[in-house]
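So you can see what is in the structure, the chains are spelled out below.
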Amino acid sequence: HKEGMQTFGEAYTGQQDDAEYGVLGLLAVVQSDFANLEANTKAAEVASQNSYDEFMLTAKKNQAVKEKAIEMANADKAEAEVTLQKDIVELKTRQDALLAADRYHAKLVPQCVDQGMSFKKRSQARAAEVESLKQALEILAGDAGAAAAAAA
């Protein structure tokens, strides 16, 4: 602003005089922002640490439960393997007994089962047997009569 020139107000001297817009004001804003950032960061770190601690506790519990489940499954597996071995031995024993029984049955079947004699042949055999029994009865009756005559 030069002397003698017409101007529309006072000469511009900058904003250095206003305390809120000066360098000190800027530093105060930076310090305030930094304090807010520090508080937010500390709160976030505390929340993250709590979340981490909770996660680790849950993970340790899950790991312990799963390790116990594995231990129990291994015990069940060992028990099942022992039972399997016993059952295999028992199966072999029973199969041997079954095989022996089948052989014995196969040996007895021809002795016990009619080998296909027809009804006609069976009837003829029975008739012949009845006839031979009648003859034996007549012989015995004749011997009994002769014995009675000899005794008299």
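The structure reproduced in this document is the subject of the present report. (Residues numbered from 1 in each chain as written. Predicted model: local features only at pLDDT ≥ 70, side-chain atom pairs only at ≥ 80, totals over all residues. Heavy atoms only, no water.)

This part takes up the overall build of the chain. Regarding its fold elements, the chain presents two helices and zero strands. Out of the 152 residues belonging to the chain, those deemed buried represent 1%. Summed over its atoms, the accessible surface of the chain is roughly 14,200 Å², and 60% of this surface lies on carbon and sulfur atoms. (Helix = DSSP H or I, 4+ residues; strand = E, 2+ residues; numbered from the N terminus. Buried < 20%, exposed > 50% of the residue type's maximum accessible area, 1.4 Å probe, protein only. Areas by Shrake-Rupley, 256 points an atom, 1.4 Å probe, with all protein chains shown as cover.)

Our next topic: the pattern of salt bridges. The tally for this structure, following the rule as stated, stands at three salt bridges. With its nearest N and O atoms 3.6 Å apart, the salt bridge here joins glutamate 38 to lysine 42. On the criterion of helical spacing, the pair formed by glutamate 38 and lysine 42 is a turn pair, its members being four residues apart in helix H1 (residues 23–112). Glutamate 90 is the salt-bridge partner of arginine 94, the closest N and O atoms lying 2.9 Å from each other. (Salt bridge = Lys/Arg side-chain N within 4 Å of Asp/Glu carboxyl O.)

Here we come to a nonpolar patch on the surface. Residues Val23, Leu24 and Leu27 make up a contiguous nonpolar surface patch of about 350 Å² in total accessible area. If you trace the backbone, valine 23 turns up in helix H1. Among the residues examined, valine 23 registers a relative accessible area of 62% and is labelled exposed. (Patch = residues over 30% accessible without salt bridge, like charges linked within 9 Å, V, L, I, M, F, W, Y side chains within 5 Å.)

Everything listed is a geometric property; what it means functionally is a separate question.
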